[in-house]
Amino acid sequence: MIKKPDLNITPFVDIMLVLLAILMVSVTSTTFEEKQVQLPEGSKTHLSQKKATINIVIKKDGEVLVNSQAYKLKNFLENFNLQFGQYDKNSLVYIAADKNIKYELFMKIYSDVVKTGFTQIGLLTK
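Since we're looking at a predicted model, the values are computed, not measured.

**Q** Would you mind going over the side chain of Ser-91 with me for this structure?
**A** Mapped onto the elements of the fold, Ser-91 is located in the loop between helix H2 (76-84) and strand E4 (92-97). Taking the relative accessible area as the measure of exposure, Ser-91 reaches 1% and is therefore buried. From its side chain, Ser-91 meets the backbone oxygen of Asp-88 in a polar contact 2.7 Å long.

And the structure:
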């Protein structure tokens, strides 16, 4: 007859209990010191200032509306720069265009907005 080997896990359990006891003692003896830190003062600007949002709509007849105010296409850049040139350049600009306009017209308006200095430009879809 073949005898089955006995599995003795007692030494393994003894080692684990010793490691657990060492861990429990070391965690309770750890102390934390509170250090006083002088933080620098923040900037004096108001973070709660809301950025202005500029909405541009390009109609299929070529009319351009900026915040519901109509602009002529041929001198859009000059009018847009006069009206919104002093705005924060991180303001959000949303452009919505009719799906039947020429890509060239859209890109002219988009490039005029970029030339004015705005960097946060979003394109609106249906």
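Read on, since the account is not over.
**Q** I tried to follow the sheet that holds strand E1 (residues 53-58) on my own but got confused; where do I start?
**A** The pairing of strands in a sheet happens through backbone hydrogen bonds and is either parallel or antiparallel. With respect to topology, 5 strands assemble into an open sheet ordered E3-E2-E1-E4-E5, the strand pairing being mixed. On the outer flanks of this sheet lie strand E3 (69-71) and strand E5 (120-123), each paired with one strand and no other. Direction aside, the axes of adjacent strands within the sheet are offset by 25° on average. Taken together, the 3 bridges between strand E2 (residues 64-66) and E3 define a ladder with antiparallel strand orientation. Its bridge partner being in E3, Leu-65 is matched across the sheet by Ala-70.

**Q** Can you walk me through the pairing of E4 in this structure?
**A** In terms of strand pairing, E1 meets E4 through 6 bridges, oriented parallel. Bridge pairing in E4 places Thr-53 opposite Leu-92. When E4 meets E5, the two strands line up parallel, connected through 4 bridges. If you follow Ile-95 over to E5, its bridge partner there is Leu-123. Note that the unit made of E4, helix H3 (residues 103-116) and E5 has a crossover that is right-handed.

Cut-offs used in this document
- Residues numbered from 1 in each chain as written.
- Predicted model: local features only at pLDDT ≥ 70, side-chain atom pairs only at ≥ 80, totals over all residues.
- Heavy atoms only, no water.
- Helix = DSSP H or I, 4+ residues; strand = E, 2+ residues; numbered from the N terminus.
- Buried < 20%, exposed > 50% of the residue type's maximum accessible area, 1.4 Å probe, protein only.
- Polar contact = N/O pair within 3.5 Å; in protein donor to acceptor, adjacent residues only side chain to side chain.
- Pairing = 2+ DSSP bridges.
- Axes fitted to C-alpha atoms, helices over the stretch in contact; angles between N-to-C directions.
- Right-handed = clockwise from strand over helix to strand, strands pointing away.

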